[in-house]
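Coordinate inspection notes
Residues per chain, in single letters:
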Amino acid sequence: MMETMPMAKEKLTSIISNTSILAAFLLSIYMLYSFYSSNSGAISRNIFTFADVEQFSLHFGLYIDSLSLIMCSVVTSVSLLVHFYSIAYMKDDSSYNRFFIYTNFFTFSMLLIVLSNNFFQLFIGWELVGLSSYLLIGFWLKKDTAINANYKAFIVNRVGDVGLLLGLCLIFLIYGSTDYDQIFNLKYSIFSDQLNIFGYSLNTLSAVCFLLFIGAMAKSAQIPLHFWLPDSMEGPTPISALIHAATMVTAGIFMVTRMSPIFEYSETALGFVLVIGSLTCFFMGLLGVIQNDIKRIVAYSTLSQLGYMVVALGVSAYAVGMFHLATHAFFKALLFLGAGSVIIGMHHEQNIKKMGNIRQYMPVTYWTMLLGSLALIGFPGFSGFYSKDLIIEAVHHSKVPGNSFAYWAVLSSVFVTALY
C-alpha cells in the first residue's frame, strides 16, 4: 500500500502536466490556423490592469500576431514532446513530481513572454523564465556541479537583465508607456534625439537598442555572456532539450524580433548585433570540436546555431531568423533527447571516447540522431539546409556594417558544424 501511493501520485502528475501542455499545443495550432485563415492583422487586448495612476497604466494583456503564434506553436510542441519523453526518463527519480512542476512552470513563463503586449509583462515573464531555469539546472540538489552551474546561469542572466531593465526604463521615460503598439507608433519621435551618458552623446534609439540587446545576449548566450550555457548541462537531459534547444535560449531572439520596428532605425545597433552573432556562430563551433562530453558538444552546437539566428537579426532578415529558430528547435531537441537515450544506455557515461559501436545495440537512437545531425549540418533536403542557406544569402546581400566579416564567419561555420 505504501508503494502504491507514490506511484499513483506520479501517474497523476504526469497526466496533469502532459494534458495541460497538450491543451496549450492544440490551442496554439488552432489559433495559428484561425489567424492565417481570417487574414486579420495583429490583435492587442488588455485583460486586466495591475496599476492605473495619473502618470501611467500597467496592464496584463495579449498580443496575437503571426510571430507570437508561431513561437507559441514551437514552444508548446517541443515542450509536449519533452514532457512525454520525461515520463520514462525520470521514472526512477525520487523528485519526479517536482520535475514536472518545474517544467510546467517554465513553459508558462515562456508563453507569458511570447504573448505579452507590453514591456512590463515581458519583464515579468523574462524573470520567471530565469527563475525556472535556475530551478531546473540545479534540479539535482545533492550534485555540487549542478548547484554551481545554476548559480552561474542565474548570475550571468542577472547581468543581462540589468541591461534589459535599463532599456525598459529608458523606453518608459521617453515614451511614457510600456505598450508595444504605442511605442511602435511613436518611434519616429526620438529617431534624431541625442542622449548624454557620462559626457558621451548617443542616439537615443541606438542606446535603447543596445540595452535591450544586452538582455538578449545573456538569455540567448552570445559572446561574452555565453559561458553559463555549457555548464547548465548538469541538469537532467530533458531539461537540456527543453531549455537549451527551443525555448529559454530563444527568448532573446524572439525579443529582438518583436522589437524589430525599433532596431530597424539604428544601423549602429544592427551592426553590433551582426558582429556579436557572427563571432558566436564561428568560435562556439570551434569549441564544440574539442569537447568529449556528448551533451557539451550539443550545447556548443546550440551556441553556434543561436549565433546564426542573431546574424539573421543583424541583417534585418527577421523571418529567416525565426525560420532557423523553428527548424533548430526540433532537430536540436531530437539530438538532446537522443543523447539522453545514449547516456541511459551507457549507464550514465557521457564521455564519447568511451563509446563505440552503439548502433548495434541502439538502432532506433542511431537513426534518429543521424537524421538530427544531417539537419544540423545543413545537408541538402533537410530543414537546416534551407534555413542556413537563407541566412548566408541574406548576409551576402546585406549592406549593414560588418557584413563581409559575418558572411565568411557563417559560411565557415557550416564546415565547422559538419566537423564536430
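A quick note: this is a predicted structure, and the numbers were derived from the prediction, not measured. (Residues numbered from 1 in each chain as written. Predicted model: local features only at pLDDT ≥ 70, side-chain atom pairs only at ≥ 80, totals over all residues. Heavy atoms only, no water.)

A separate point is the overall build of the protein chain. If you tally the helices and strands in the protein chain, you get 17 helices and four strands. Here the C-alpha atoms of the protein chain give a radius of gyration of 21 Å, agreeing with the 22 Å that 2.2 N^0.38 yields for 420 residues. Projected onto its principal axes, the C-alpha coordinates of the protein chain cover approximately 65 × 50 × 45 Å. When the 420 residues of the protein chain are sorted by exposure, 54% land in the buried category. Counted over contacts in the protein chain with a minimum sequence separation of 6, partners at least 24 positions apart contribute 74%. Here the protein chain displays about 18,400 Å² of accessible surface, and carbon together with sulfur accounts for 68% of that area. Each charge sign in the protein chain was given a centre, from 20 positive and 21 negative side chains, and these centres are 10 Å apart. (Helix = DSSP H or I, 4+ residues; strand = E, 2+ residues; numbered from the N terminus. Rg over C-alpha atoms; globule rule 2.2 N^0.38 Å. Buried < 20%, exposed > 50% of the residue type's maximum accessible area, 1.4 Å probe, protein only. Contact = heavy atoms within 4.5 Å. Areas by Shrake-Rupley, 256 points an atom, 1.4 Å probe, with all protein chains shown as cover. Lys, Arg positive; Asp, Glu negative; His and termini not counted. Charge placed at Lys NZ, Arg CZ, Asp CG, Glu CD.)

You can see Ser-387 is positioned in helix 16 (residues 383-396). For Ser-387, the side chain forms a polar contact with the side chain of His-324, separated by 2.8 Å. Among all residues touching Ser-387, those that are not within four sequence positions of it are Val-320, Phe-323, His-324 and Thr-327. (Polar contact = N/O pair within 3.5 Å; in protein donor to acceptor, adjacent residues only side chain to side chain.)

For the rest of this paragraph, the subject is the pattern of salt bridges. In total, this model carries three salt bridges according to the counting rule given. A salt bridge links Asp-161 to Arg-158, with the shortest nitrogen-to-oxygen separation between them at 2.5 Å. Here Asp-161 and its partner Arg-158 are both found in helix 5 (residues 144-175), three residues apart, which amounts to about one turn of the helix. Judged by its relative accessible area of 6%, Asp-161 is buried. Bridged by salt links that share partners, the residues Glu-127, Arg-158 and Asp-161 form one connected network. (Salt bridge = Lys/Arg side-chain N within 4 Å of Asp/Glu carboxyl O.)

A word on the state of the cysteines. Going through the model one piece at a time under the given rule, you end up with zero disulfides. The thiol of Cys-209 is not disulfide-bonded; the next cysteine sulfur, from Cys-169, is found 16 Å away. The class for Cys-209 is buried, based on a relative accessible area of 0%. (Disulfide = S-S within 2.5 Å.)

Estimates place the volume of the largest pocket at around 620 Å³. Taken together, 23 residues line the largest pocket, and the ones lying closest to its centre are Ile-294, Leu-335, Met-369, Ser-373 and Tyr-420. Those elements that place two or more of their residues in the lining of the largest pocket are helix 13 (294-314), helix 14 (318-345), helix 15 (363-377) and helix 17 (403-419). Here the lining of the largest pocket takes seven residues from helix 15, the largest share from any one element. Broken down by class, the residue content of the lining of the largest pocket amounts to 16 nonpolar, six polar and one charged. Taken as a whole, the second largest pocket spans an internal volume of roughly 250 Å³. In this structure, the second largest pocket is lined by 13 residues; those nearest its centre are Leu-62, Cys-72, Leu-111, Leu-112 and Leu-115. Elements with a contribution of two residues or more to the lining of the second largest pocket: helix 1 (4-38), strand 2 (57-64) and helix 3 (96-115). Residues that form the lining of the second largest pocket fall into these classes: 10 nonpolar, three polar and no charged. (1 Å grid on protein atoms, 1.4 Å probe; cavity = no way out; pocket = protein on both sides within 12 Å on 5 of 7 lines; lining within 4 Å. Points joined across faces, edges and corners; volume = space filled by probe spheres on them. Nonpolar A, V, L, I, M, F, W, Y, C, P; charged D, E, K, R; others polar.)

Let us look at helix 16. Owing to its 3.6 residues per turn, the α-helix brings residues three or four apart onto one side. Taking 1.5 Å as the rise per residue, helix 16 with 14 residues should run 20 Å; its terminal C-alpha atoms sit 20 Å apart, in good agreement. For helix 16, the set of buried residues is Gly-384, Ser-387, Lys-388, Ile-391, Ile-392 and Val-395. In an axial view of helix 16, the angular spread of the buried residues amounts to 135°, which keeps them on one side of the axis. Contact partners of the buried residues in helix 16: helix 13, helix 14, helix 15 and helix 17. (Expected span 1.5 Å × (residues − 1). Arc of directions from axis to C-beta.)

So, about the side chain of Asn-18. Relative to the assigned elements, Asn-18 resides in helix 1. Exposure remark for Asn-18: the relative accessible area of 11% places this residue in the buried category. In this structure, Asn-18 is in contact with Leu-80, His-83, Phe-84, Ile-87 and Phe-100, ignoring residues within four places of it in sequence.

With that settled, the discussion passes to the packing of helix 16 against helix 17. Helix packing for two helices is described by the angle between their axes and how far apart those axes are. Direction vectors running N to C along helix 16 and helix 17 enclose 160°, while the axes themselves pass 8 Å from each other. Between helix 16 and helix 17, the crossing angle belongs to the class labelled roughly antiparallel. As for how helix 16 packs across helix 17, the hand of that crossing is left-handed. From helix 16, Lys-388, Ile-392, Val-395 and His-396 reach across to helix 17, where they touch Asn-403, Ala-406, Tyr-407, Val-410, Leu-411, Val-414 and Thr-417. (Axes fitted to C-alpha atoms, helices over the stretch in contact; angles between N-to-C directions. Parallel < 35°, antiparallel > 145°, perpendicular 65-115°, else oblique. Left-handed = near helix turned anticlockwise from the far one by under 90°.)

Here we come to a nonpolar patch on the surface. A contiguous nonpolar patch, built from Ile-47, Phe-48, Phe-50 and Leu-62 and spanning about 360 Å² of accessible area, is present on the exposed surface. Of all the elements, strand 1 (residues 43-52) adds the most residues to the nonpolar patch, at three residues. With respect to the helices and strands, Phe-48 occurs in strand 1. Its relative accessible area of 41% is what places Phe-48 among the partly exposed residues. (Patch = residues over 30% accessible without salt bridge, like charges linked within 9 Å, V, L, I, M, F, W, Y side chains within 5 Å.)

What follows concerns the packing of aromatic side chains. For the coordinates displayed, the defined rule picks out 17 aromatic pairs. Seen from their ring centres, Phe-119 and Tyr-180 are 5.3 Å apart, and the 85° between their planes marks the pair as edge-to-face. With a gap of 61 residues between them, Phe-119 in helix 4 (residues 119-137) and Tyr-180 in helix 6 (residues 180-186) connect regions that are remote in the sequence. Across this residue pair, the class does not change: Phe-119 and Tyr-180 are buried. Ring plane angle 25° and centroid distance 6.4 Å describe the contact between Tyr-134 and Tyr-151, whose orientation is recorded as stacked. With Tyr-134 in helix 4 and Tyr-151 in helix 5, the pair connects residues that are 17 residues apart, well separated along the chain. (Phe/Tyr/Trp six-rings, centres within 6.5 Å; stacked < 30°, edge-to-face > 60°.)

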